[in-house]
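Here are the chains, one letter per residue:
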Amino acid sequence: MSGMTMTQKILAAHCGKDKIQAGELVECAVDIALGNDITAPMAIREFRKTGASKVFDQNKVVLVPDHFTPNKDIASAVQAKTTREFAKEMGIKNYFEVGCMGVEHALLPEKGLTKPGDLIVGADSHTCTYGAMGAFSTGIGSTDLASVMALGTCWFKVPAALKINLHGSFQPGVSGKDLILQVIGKIGVEGARYLSLEFVGDGVKNISLEERLTIANMATEAGAKNGIFPVDDIVLDYCMERAHSKGIAYTADKDAVYLVEHDFDLSKIPMTVAFPHLPENVHDIEETYQQKIKIDQAVIGSCTNGRISDMRAAAAILKGRHIASGVRLIVIPATQEVWIKCVHEGLMDIFVAAGAAVSTPTCGPCLGGYMGILAAGEKAIATTNRNFVGRMGDPTSEVYLASPAVAAASAVAGVICGPQHL
Amino acid sequence: MILKGKAHCYGDHINTDVIIPARYLNDSTPEYLAKHCFEDLDASFPQKVQEGDIVIAGRNFGCGSSREHAPLAIKASGVSCVIATSFAKIFFRNAINIGLPVLEIEDIAANVQEGDPLTVDLSQGMITNEKTGKVWHTAPFAPFMQKIIDAGGLINYTKSKLEEGK
């Protein structure tokens, strides 16, 4: 039997086996099970049908009302209420009410709920974010979540792996978002379907933890079951500070098998934009700028790019500038902690002076919920993760995906461009 | 179990945002979701779909969000089965979990036209295009997955596991 990947080792450790291989079905113990205001109500409905009277562990179920909250309408209020009342009834310790909540995948690491070697499932496809910290984390559905809440276990088909070797470091202004868009552009939106996307190489140390979170976050956009990074001091320092634990760092065996390997030289990654209507439609910024694509709205935020480094990157471009006439800029710090840091660091002043509307944390416009819905024919540049038909509003509207620096520069210019074009 | 219905054909990468747009995720009632199924892809779908009909698609069906509202909307529309070249991972397990049969057939999209009458024999794993006479055989489900299907979905399976533990 061949060696195991990082992902396979974590799954093996959670199903009590020494060795597992790709394709095998395993039933694993779950460390964290996550739901939000859209997926939890359905999970709660199914959970009741199992006959369970309590959740498997009050400390391991995490509920974050972040999608349509603060409640956008009466129906959303009902869903948030269902989630809130269930959390209270079950004595769930990690329920984050409006005022404490943030966009879930930015919030959990901040609250110390994710660490190396953990097995995390969430009824949200971007649960794969925590792979940045050397955890196995993946999105599941609401019925799966119901079953996990009752049993504390979840079944998985052990994924084969695709290896991404990273070398060197980014040019100034280029970020993790540009890299993951390039990776998706290269392998396609189903390039990693059912696979684990394992990021390794000497370039990893040159990528900040927040950027790694962005990269792992969009692994699902390539169809991957999970994305994962090796654990280094950057991760360990963060986890000691936040979770007061180092977790368990798993490394891949030397003879681990990878179906495909790709190499990326970080110094050659350009600022990148994914055109409608698939994240794989990538174009570099110079080529994009030539097209003079006029935008109606720019959105900076989401579980992909709503962290403090994203806010700083946007503010660095917006400082001393004002957005173009006819453009709406919506900035959404992903958590309360990010929000207050924006105040303390003077970023809020920059955003408001530039003409931005700054929102309380919410997923809001990313999935076409609220707080920036597009009308027919409108175009937006967004630091979010999907640009499918109708994703941010009317089915004839368009979403272009990019980094915070590109989104901020585009808001200033009124056309999609990089900071170098201002 | 024998399923019979007309084919509704769609392309590759049919994502969960077009299966059920997020603007309808403020309510998870199956009937409500069914009213908006495929709205941003084919607005006429809710009117034309009939009980038992079958959705045919290409690669990566159900990619995108983990919303279980997507397979639920399809099932509540009366669709009896989805057959595609391939499925996105979360959609596939969600469909199995809620009891919507999903079958992978490599060349299905190329050999079924809109409106073709299809018959699916689930226990035999046999699909027939009644118009062209073409027949396909599917690979059996993995035994663990079959156990979930036999139990009538993941919730019944969970229930029996909880009872075992008592």
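Rules of the game
Residues numbered from 1 in each chain as written. Chains lettered and ligands numbered in written order. Predicted model: local features only at pLDDT ≥ 70, side-chain atom pairs only at ≥ 80, totals over all residues. Heavy atoms only, no water. Helix = DSSP H or I, 4+ residues; strand = E, 2+ residues; numbered from the N terminus. Pairing = 2+ DSSP bridges. Axes fitted to C-alpha atoms, helices over the stretch in contact; angles between N-to-C directions. Contact = heavy atoms within 4.5 Å. Buried < 20%, exposed > 50% of the residue type's maximum accessible area, 1.4 Å probe, protein only. Buried area = accessible area lost by both parts, 1.4 Å probe. Salt bridge = Lys/Arg side-chain N within 4 Å of Asp/Glu carboxyl O. Polar contact = N/O pair within 3.5 Å; in protein donor to acceptor, adjacent residues only side chain to side chain. Nonpolar A, V, L, I, M, F, W, Y, C, P; charged D, E, K, R; others polar. Phe/Tyr/Trp six-rings, centres within 6.5 Å; stacked < 30°, edge-to-face > 60°. Lys NZ or Arg CZ within 6 Å of the ring centre and 35° of its normal.

### Overview of the environment of E287 of chain A
For step 1, the next point in the chain: Within the element layout of this structure, E287 of chain A appears in helix α9 (residues 285–290).
For step 2, the next point in the chain: A C-alpha to C-alpha distance of 50 Å links E287 of chain A and I92 of chain A, two positions 195 residues apart in sequence.

### A few points about the sheet that holds strand β11 (residues 260–265) of chain A
Residue and element names in this part refer to chain A.
For step 1, the next point in the chain: The 4 strands are arranged β10-β9-β8-β11 in an open sheet whose pairing can be described as parallel. A single partner strand is all that each edge strand has here, and the edge strands are β10 (226–228) and β11. The sheet shows a mean angle of 20 degrees between the axes of neighbouring strands, taken without regard to direction.
For step 2, the next point in the chain: Both strand β8 (residues 161–167) and strand β9 (residues 196–200) contribute to a ladder of 5 bridges, which runs parallel. Residue pairing for β9: K163 is matched across the bridge by E198.
For step 3, the next point in the chain: Packing against the sheet, helix α1 (residues 6–15) makes contact with β9 and β10, and its axis sits at approximately 120 degrees to β9.

### Considering the sheet that holds strand β2 (residues 32–36) of chain A
Residues and elements named next belong to chain A.
For step 1, the next point in the chain: With parallel pairing, the 5 strands of this open sheet are ordered in space as β4-β3-β2-β5-β6. Looking at strand neighbours, the two that pair on one side only are β4 (94–95) and β6 (136–139), the edges of this open sheet.
For step 2, the next point in the chain: Across 3 bridges, β2 lies against strand β5 (residues 119–122) in parallel orientation. Along β5, the bridge assignment pairs I32 with I120.

### Digging into unusual backbone geometry
Residue and element names in this part refer to chain A.
For step 1, the next point in the chain: P70 follows T69 through a cis peptide bond whose omega is -10 degrees.
For step 2, the next point in the chain: Here the residue pair P276 and H277 is connected by a cis peptide bond, since its omega of 0 degrees sits within 30 degrees of zero.
For step 3, the next point in the chain: By secondary structure assignment, the location of H277 is in the loop between β12 (272–274) and β13 (282–284).
For step 4, the next point in the chain: Of note in the backbone geometry, S302 takes a positive phi value of approximately 90 degrees without being a glycine.
For step 5, the next point in the chain: Tracing the chain through its elements places S302 in helix α10 (residues 302–305).
For step 6, the next point in the chain: You can call S302 buried: its relative accessible area is 5%.
For step 7, the next point in the chain: Of note, M371 is a non-glycine position whose phi angle comes to about 65 degrees, a positive value.
For step 8, the next point in the chain: Judged by its relative accessible area of 36%, M371 is partly exposed.

### Details of helix α4 (residues 69–76) of chain B
Because an α-helix completes one turn every 3.6 residues, residues spaced three or four positions apart along the sequence face the same direction.
Residues and elements named next belong to chain B.
For step 1, the next point in the chain: Counting buried residues in α4 gives 6 out of 8 residues, a clear majority hidden from the surface.
For step 2, the next point in the chain: Listed as buried for α4 are H69, A70, P71, L72, A73 and I74.
For step 3, the next point in the chain: With its phi angle positive at about 105 degrees, G78 sits one or two positions after the end of α4.

### What to know about the interface of chain A and chain B
For step 1, the next point in the chain: Listed per partner, the contact involves 49 residues of chain A and 45 residues of chain B.
For step 2, the next point in the chain: When the two sides are added together, the surface that chain A and chain B hide from each other amounts to roughly 3,900 Å², 58% of it contributed by carbon and sulfur.
For step 3, the next point in the chain: Scanning the region where chain A abuts chain B turns up 5 salt bridges.
For step 4, the next point in the chain: The salt bridge partner of R391 of chain A is D17 of chain B, with a shortest N-O separation of 2.9 Å.
For step 5, the next point in the chain: Linking chain A to chain B there are 20 residue pairs in polar contact (both at pLDDT 80 or more).
For step 6, the next point in the chain: Contributions of two or more residues to the side of chain A that touches chain B are made by β1 (25–29), α2 (40–49), α3 (74–90), α5 (142–151) and β7 (153–157) of chain A.
For step 7, the next point in the chain: Element by element, the count of residues in the side of chain A that touches chain B is highest for α5 of chain A, at 7 residues.
For step 8, the next point in the chain: Partitioning the side of chain A that touches chain B into residue classes produces 22 nonpolar, 14 polar and 13 charged.

### Let's talk about the packing of aromatic side chains
For step 1, the next point in the chain: This model, assessed by the stated rule, comprises 14 aromatic pairs over all chains.
For step 2, the next point in the chain: Ring geometry for F61 of chain B against F91 of chain B: centres 5.2 Å apart, planes inclined by 85 degrees, an arrangement best described as edge-to-face. Note that F61 of chain B is positioned in the loop between β2 (54–57) and α4 and F91 of chain B in helix α5 (residues 89–98), a separation of 30 residues in sequence. Each member of the pair, F61 of chain B as well as F91 of chain B, is classed as buried.
For step 3, the next point in the chain: Three or more aromatic residues link up through ring pairs in this structure, and these residues are F61, F87, F91 and F92 of chain B.
For step 4, the next point in the chain: It is K157 of chain A that lies over the ring of Y194 of chain A; its NZ or CZ is 5.5 Å from the centre.
For step 5, the next point in the chain: When the ring centre of W155 of chain A is taken as reference, the NZ or CZ atom of R93 of chain B above it lies at 4.1 Å.

Worth remembering: the numbers are spatial, not functional.
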